[in-house]
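As a plain string of letters, each chain reads:
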Amino acid sequence: MRKTGNTISRRGFATVLAAGLLATGLAACSNSDTGGDGGDGGDGKIVLGFSQVGAESGWRTANTNSIKEAAAAAGIELKFDDAQQKQENQIKAIRNYIQQKVDVIAFSPVVESGWDTVLKEAKDAGIPVILTDRAVDSADKSLYKTFLGSDFVKEGRLSGEWLVEQTKSATGPVNIVELQGTTGSAPANDRKKGFAEAIAANPNLKIIASQSGDFTRAGGKQVMEQFLKANPKIDVLFAHNDDMGLGALEAITAAGKVPGKDITIITVDAVKDGMQALADGKFNFIAECSPLLGPQLMDLAKKVHAGEQVPPRIETEETTFTQEQAKEALPNRKY
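Residues numbered from 1 in each chain as written. Predicted model: local features only at pLDDT ≥ 70, side-chain atom pairs only at ≥ 80, totals over all residues. Heavy atoms only, no water.

J.: Please clarify how the pattern of salt bridges should be interpreted in this entry.
T.: Think of it this way: side chains of opposite charge can pair up when their charged atoms draw near. Applying the stated criterion across every chain yields a total of 18 salt bridges. A salt bridge links Arg 157 to Glu 161, with the nearest nitrogen and oxygen atoms 3.9 Å apart. Note that Arg 157 and Glu 161 are positioned in helix H5 (residues 152-166) at a spacing of four residues, about one turn of the helix. Overall, the relative accessible area of 31% leaves Arg 157 in the partly exposed class. Take Glu 161: its relative accessible area is 39%, and that puts it in the partly exposed class. One salt-bridge network, held together by shared partners, links Glu 56, Arg 60, Asp 133 and Arg 134. (Salt bridge = Lys/Arg side-chain N within 4 Å of Asp/Glu carboxyl O. Helix = DSSP H or I, 4+ residues; strand = E, 2+ residues; numbered from the N terminus. Buried < 20%, exposed > 50% of the residue type's maximum accessible area, 1.4 Å probe, protein only.)

J.: In this structure, what is going on with the pairing of strand S7 (residues 146-149)? I would like to understand it.
T.: Regular strands place their side chains on alternate faces of the sheet. Side chains Thr 146 and Leu 148 project from S7 onto one buried face, and the interleaved Phe 147 and Gly 149 project onto a second face that is buried too. With three bridges connecting them, strand S6 (residues 129-132) and S7 associate as parallel partners. If you follow Leu 131 over to S7, its bridge partner there is Phe 147. By the bridge criterion, three bridges tie S7 to strand S13 (residues 313-315) in an arrangement that is parallel. When the bridges of S13 are listed, Gly 149 appears paired with Glu 315. (Pairing = 2+ DSSP bridges.)

J.: What's the story with the nonpolar core in this structure? I'm lost.
T.: Generally speaking, soluble globular proteins have nonpolar side chains that are buried together. Of all hydrophobic cores here, the largest spans 30 residues; its most connected members are Leu 179, Met 224, Phe 227, Leu 237, Ile 263, Met 275 and Phe 283. When contributions to this core are tallied by element, the ones reaching two or more residues are strand S8 (174-180), helix H7 (217-230), strand S10 (236-239), helix H8 (242-254), helix H9 (272-279) and helix H11 (323-329). Looking at which element gives the most residues to this core, the answer is H8, with six residues. Setting aside anything within four residues of it in sequence, one finds Leu 237 in contact with Val 177, Leu 179, Met 224, Ala 248, Ile 263, Thr 264, Ile 265 and Ile 266. (Core = buried A, V, L, I, M, F, W, Y, C linked by side-chain atoms within 4.5 Å. Contact = heavy atoms within 4.5 Å.)

J.: When you look at the packing of helix H2 (residues 58-74) against helix H10 (residues 294-305) in this model, what are you seeing that I'm missing?
T.: Pairs of packed helices are described in terms of their axes, by the angle between the two and the distance that separates them. Where H2 meets H10, the axes come as close as 8 Å, and the angle between the chain directions of the two elements is 50°. The angle between H2 and H10 falls in the class oblique. Crossing handedness for the pair H2 and H10: right-handed. In contact with Ser 66, Ile 67, Ala 70, Ala 71 and Ala 74 of H2, H10 contributes Gly 294, Pro 295, Leu 297, Met 298 and Lys 302. (Axes fitted to C-alpha atoms, helices over the stretch in contact; angles between N-to-C directions. Parallel < 35°, antiparallel > 145°, perpendicular 65-115°, else oblique. Left-handed = near helix turned anticlockwise from the far one by under 90°.)

J.: Please clarify how H5 should be interpreted in this entry.
T.: Working note: α-helix, 3.6 residues per turn, so residues spaced by three or four point in the same direction. Compared with an ideal rise of 1.5 Å per residue, which puts 15 residues at 21 Å, H5 spans 22 Å between its outermost C-alpha atoms and is within 8% of the ideal. Among all positions in H5, only Phe 152, Val 153, Glu 155, Gly 156, Ser 159, Gly 160, Trp 162, Leu 163 and Val 164 are buried. Summarising the contacts, the buried residues of H5 are in contact with S8, helix H6 (186-199), strand S9 (205-212), S10, strand S11 (264-269) and strand S12 (285-288). Where H5 begins, one side-chain oxygen reaches toward the backbone nitrogen of Val 153, 3.3 Å away; that side chain belongs to Asp 151. (Expected span 1.5 Å × (residues − 1). Polar contact = N/O pair within 3.5 Å; in protein donor to acceptor, adjacent residues only side chain to side chain.)

J.: Could you clarify how one ought to interpret the sheet that holds S9 in this entry?
T.: As a general point, the strands of a sheet are linked pairwise by backbone hydrogen bonds and lie either parallel or antiparallel. Taken in spatial order, the six strands make up an open sheet running S9-S8-S10-S11-S12-S14, and their pairing is mixed. Because the sheet does not close on itself, it has two edges, and the strands there are S9 and strand S14 (320-321). For S8 and S10, the ladder comprises four bridges, and the chain directions are parallel. Paired with Ile 176 across the strands is Val 236, a residue of S10.

J.: I tried to follow the environment of Ala 306 on my own but got confused; where do I start?
T.: Looking at where Ala 306 falls in the secondary structure, it is placed in the loop between H10 and S13. The exposed category is assigned to Ala 306, whose relative accessible area is 55%. Sequence separation of Ala 306 and Asp 103 is 203 residues, and the distance between their C-alpha atoms is 10.0 Å.

J.: What is the right way to read the side chain of Thr 167 from this model?
T.: Counting through the fold element by element, Thr 167 comes out in the loop between H5 and S8. When its relative accessible area of 11% is taken as the criterion, Thr 167 is described as buried. A distance of 2.7 Å separates a polar side-chain atom of Thr 167 from the backbone oxygen of Leu 163. In this view, Thr 167 contacts Val 174, Asn 202 and Leu 205; residues no more than four positions away in its chain are not counted.

J.: Just to check I follow, could you spell out the packing of aromatic side chains for this structure?
T.: Two measures describe an aromatic ring pair: the distance that separates the ring centres and the angle between the ring planes. Applying the stated criterion across every chain, the model contains four aromatic pairs. Relative to Trp 115, the ring of Phe 107 lies with its centre 4.9 Å away and its plane at 55°, an arrangement referred to as tilted. Note on Phe 107: relative accessible area 0%, which makes it buried. Ring centres of Phe 195 and Phe 238 lie 4.1 Å apart, and the angle between their planes is 15°; on these two criteria the pair is classed as stacked. In this pair, Phe 195 is assigned in helix H6 and Phe 238 in strand S10, connecting sequence segments 43 residues apart. Phe 195 sits in the buried class, given a relative accessible area of 0%. One residue, Lys 68, lies across the ring of Phe 80, its end atom 4.6 Å from the ring centre. (Phe/Tyr/Trp six-rings, centres within 6.5 Å; stacked < 30°, edge-to-face > 60°. Lys NZ or Arg CZ within 6 Å of the ring centre and 35° of its normal.)

Set out below in structure tokens:
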């Protein structure tokens, strides 16, 4: 470009102006309200940033594997983060995804509350958010596109309804202890609510102790040991997931009691180890909560990235299992 002193020639000025306009036009074409301006890394792939709760249970491991396998099958680039059951880690991961300008963010919230600020940051950046497995309690539903997961209240209710049916001939008190999931999490809150509503139909059913085992086997064993020491008569255990129930089995056996007979055990999830315990008669009833959300999540990621409308809530189809049903289902169980 020629200069005469401090003056740019007219032809040079026109060239600079045209180049500037072209660059602006190209930038505008590469931007969208769903994907930012650099999410696909230049190869056309959708980039999905996913923050997982952690690896606290067999269910969570199966859920993570489903998401990773489905992303690879769908041709989606997955940026994965393990929050190790800490909300601050998830918030940091989501902010990193925003900074990286991914196309879509999905996460399974550690707890229900405290997400509005970071979700607004994602919305302001034009990155759609999908909630998986667990919901948030935000009053502003525009901060995320959809929720994909289970009806936790229903799982608790089905567990309670089965117990009501099993104890309908009881003439005296039936003492129940409850192993809750992570304090403040959606599945813990909702399963507790559904179970309590269902057992209210029988005044003989009474929850005498309820405490969090944090969805882990170690937590389930530790809390069950405390329950057994503090309560000489326990008739029923309701565990918010299989892993806590499996941990509780160890404590019950160590206390000289027979799980499934001396203490009726109800759990939620239906992972292989839990189903085996049910088939063996150590558990008595399981309400299913499927972890295989990967294919549905990838389908939703593609739709929200394309700007398509999706339902605000999508629930997975699930069932319940008794001992005989567990025996039938086990040979073909995928998780």
